[in-house]
Each structure stands twice: as structure tokens, then as C-alpha cells.
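# Reading the structure
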Amino acid sequence: MNAPSHIQPLVTAGAAPDPVFAAAAHADPLDHAHLRADFARQGAFLYLDRFLSPELTSQLAACALALVGKVNRNYLPRHKQGGSISRHTIDSLAPSIAQLYRSQALIALLEEVCGETLLLCPDQDPHAYALYYYTRPGDHIGWHYDTSYYDGRRYTVLLGVIDNSSCRLDYVLHTRETDKPHEPGSVQIPPGGLVFFDGDKLRHRITALGEHEMRVSLTFEYVTDAGMRPWRRFISNMKDAVAYFGFRQLIRHRKANT
Ligand SMILES: [Fe+2]
């Protein structure tokens, strides 16, 4: 299906072939070394308040607003409340976001920062790239790790898209390391800002949305080994259906692949 005409493509004809190149090119080799050192020092965590270009950021915001009607709302008492749009819906309605996920310049930069070869998530993973919407007062997610069900490590890129909110990403570094003291932190991620982390190591939460506020973030997931044991796949699917994208999405995508 082609994207509806109101969803602007992130890359226009004649533009640079890689949409994130301009942002990645900001950092010279010395900066890359600093980014990698910061990432390692913070136990596989990096925050940059400016990463995407303003143009790309506003195109992402326009995409996010155009997709509001497709948001799947979810509510887990005392843990999370909010909305999300999976990679399957993005593939249908905003494929330029999928193009950004596959950006070679972005992946090369992330690999340099984390020091590992990164792979795209398999086609059936609804979290590979997804939009998360905080639109109603109280929308939040409580303290958690982004547990990987893959055989290898899974790294998360969180990009700020829209932020007219008081929401903060609260986190604690080094909770899985025995030789370092825990280090709490808190950031409000502006549109165009980036957080890059290993979800199994970072304890984090998003604080509750206030009245008349709105926040949208975009996440990309990359793995070091795309294998997943069948029982882990089952748990992962159930968690995604209940907590994020709904059973309809899971069943529809399964039918499409059988
Ligand atoms: Fe998370």
C-alpha cells in the first residue's frame, strides 16, 4: 500500500540517499571516540539532546501526527498506559520511517559507539521500529528493563519526535554491574534528541503525562544475533500483544506469513 498523501516522505527525490547522513556527519572521528567512551563509561547508555536534523525531525513529527488514528491503546494497571504503532503499520503507512531504520549511516555510527556489529530485527518483530504515543493524562511506563528475547544483545535507539510534555526518562545506570555504584539520571528528550542503550542493562521509566500534554517517541531496535528460541518467541509475542500492539496485529501478521 502506498503511504497516504498527507504523510510526507522523509527522503525526497534528489536528496541525499541516506536520510540521516547529515546528522551522522556532524560528528568527526574524535567525536565518535568521545561518544564511544561515554557509552562505555555509562554502562551501555548514551544521550544526545541534538541528533536528527531539524528538517528530519519535523518530517517525523508530521508522520506521527498523521498516524494518530492508527494508535493501539494499552493499559497494564500500575505499570503502563499509553499508545503504540508497530513496524507492521509503519510499513503500510509510513515506509520512510522503515527506510530511516535501515540507514547505513545511522547503523555505522551506532556500531562505532557500541563496538558491535548490529543486525536488523527480523521482519516479524513488531518492535523493530515503533512509535509510542503519550496522549492522555497519566500515560506513562513504570520502572523496567527492555528485556531481549533474542539469543544476542538488543540495543534500543529512542528518538524524540514530539514533546509538548513534562514527561522525563528516569534511569539508573550500572544496576547489572557489581563493581560500580548505581547512578541515577533523568532527561527530558527534545524532538530530534537520541538515547541509545542496551535495554537489558538500563533500568528506566517514563514519568506520567500531565493535562493537555502530548509526547511521541520513535524507537529502533538492533540485535547482535537475530536468533530466538521458539518458547521465547511465544513469550515475546504474548507480551507484545498484551502490552503494546494488540492481538489483532499479531494474528493479522501471522496470517500474512502463512
Ligand atoms: Fe523501555
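Residues numbered from 1 in each chain as written. Predicted model: local features only at pLDDT ≥ 70, side-chain atom pairs only at ≥ 80, totals over all residues.

Further remarks concern the overall build of the protein chain. Per the secondary structure count, the protein chain includes 8 helices and 12 strands. Buried positions account for 37% of the 258 residues belonging to the protein chain. Restricting to contacts in the protein chain with at least 6 residues of sequence separation, those with at least 24 account for 83%. (Helix = DSSP H or I, 4+ residues; strand = E, 2+ residues; numbered from the N terminus. Buried ≥ 20, exposed ≤ 12 C-beta atoms within 10 Å, placed from the backbone. Contact = placed C-beta atoms within 7 Å.)

Turning next to unusual backbone geometry. Of note in the backbone geometry, Arg78 takes a positive phi value of approximately 65° without being a glycine. Relative to the helices and strands, Arg78 is located in the loop between β2 (72-76) and β3 (80-85). Overall, Arg78 belongs to the exposed group, with 6 C-beta atoms counted inside 10 Å. Residues other than glycine seldom take positive phi values, yet His174 does so here, at roughly 70°. The residue His174 is located in the loop between β8 (169-173) and β9 (183-187) in this model.

In this section: the environment of Gly192. Mapped onto the fold, Gly192 is located in the loop between β9 and β10 (194-198). Note on Gly192: 23 C-beta atoms within 10 Å, which makes it buried. Setting aside residues up to four positions removed in sequence, Gly192 forms contacts with Arg50, Phe51, Leu52, Pro54, Thr57 and Gly160.

Moving on, we come to the environment of Leu169. Structurally, the position occupied by Leu169 is in strand β8. Sequence separation of Leu169 and Gln188 is 19 residues, and the distance between their C-alpha atoms is 6.1 Å. Dropping the residues within four chain positions of it, Leu169 is found in contact with Ser186, Val187, Ile189, Val195, His204 and Ile206.

In low-pLDDT regions, the fine details of the predicted coordinates are not to be read closely. Residues with a pLDDT of 70 or more make up 82% of the protein chain, whose mean pLDDT is 85. Here residues 1-17 is modelled with pLDDT under 50, and outside its nearest four sequence neighbours on either side it reaches 25 contacts, counting other chains as well. Every residue in residues 21-25 is under pLDDT 50, and counting partners more than four places away or in other chains gives 10 contacts. (pLDDT = per-residue confidence, 0-100.)

Take helix α3 (residues 54-66) next. Relative to the 18 Å expected for 13 residues at 1.5 Å per residue, α3 spans 18 Å between its end C-alpha atoms, a close match to the ideal helical length. Elements that come into contact with the buried residues of α3 comprise α5 (95-101), β5 (129-134), β7 (154-164) and β12 (214-223). (Expected span 1.5 Å × (residues − 1).)

A word on the pairing of β12. Burial within β12 is extensive, with 8 of its 10 residues counted as buried. With 2 bridges joining them, strand β4 (residues 119-120) and β12 adopt antiparallel strand pairing. If you follow Leu119 over to β12, its bridge partner there is Val223. Where β5 and β12 come together, 6 bridges link them in antiparallel fashion. (Pairing = 2+ DSSP bridges.)

Here we come to the nonpolar core. One finds Ala64, Ile97, Leu110, Leu131 and Phe196 to be the most contacted residues of the largest nonpolar core, which totals 58 residues. Residue contacts for Leu110: discarding those within four places in its chain leaves Leu118, Tyr155, Val157, Phe196 and Tyr222. (Core = buried A, V, L, I, M, F, W, Y, C linked by C-beta atoms within 7 Å.)

A word on the environment of Lys70. Along the chain, Lys70 turns up in the loop between α3 and β2. When the C-alpha atoms of Lys70 and Ile85 are compared, they prove to be 6.9 Å apart, with 15 residues separating the residues in sequence. Contact partners of Lys70, with chain neighbours within four places excluded, come to Ile85, Thr89 and Leu93.

This brings us to helix α6 (residues 104-114). Inspection of α6 places Leu106, Ile107, Leu109, Leu110, Val113 and Cys114 among the buried residues, and these make up the whole buried set. Projected onto a plane normal to the axis of α6, the buried residues spread over an arc of 160° and lie on a single side. Remark: Gly115 follows α6 within two positions and exhibits a positive phi of approximately 75°. (Arc of directions from axis to C-beta.)

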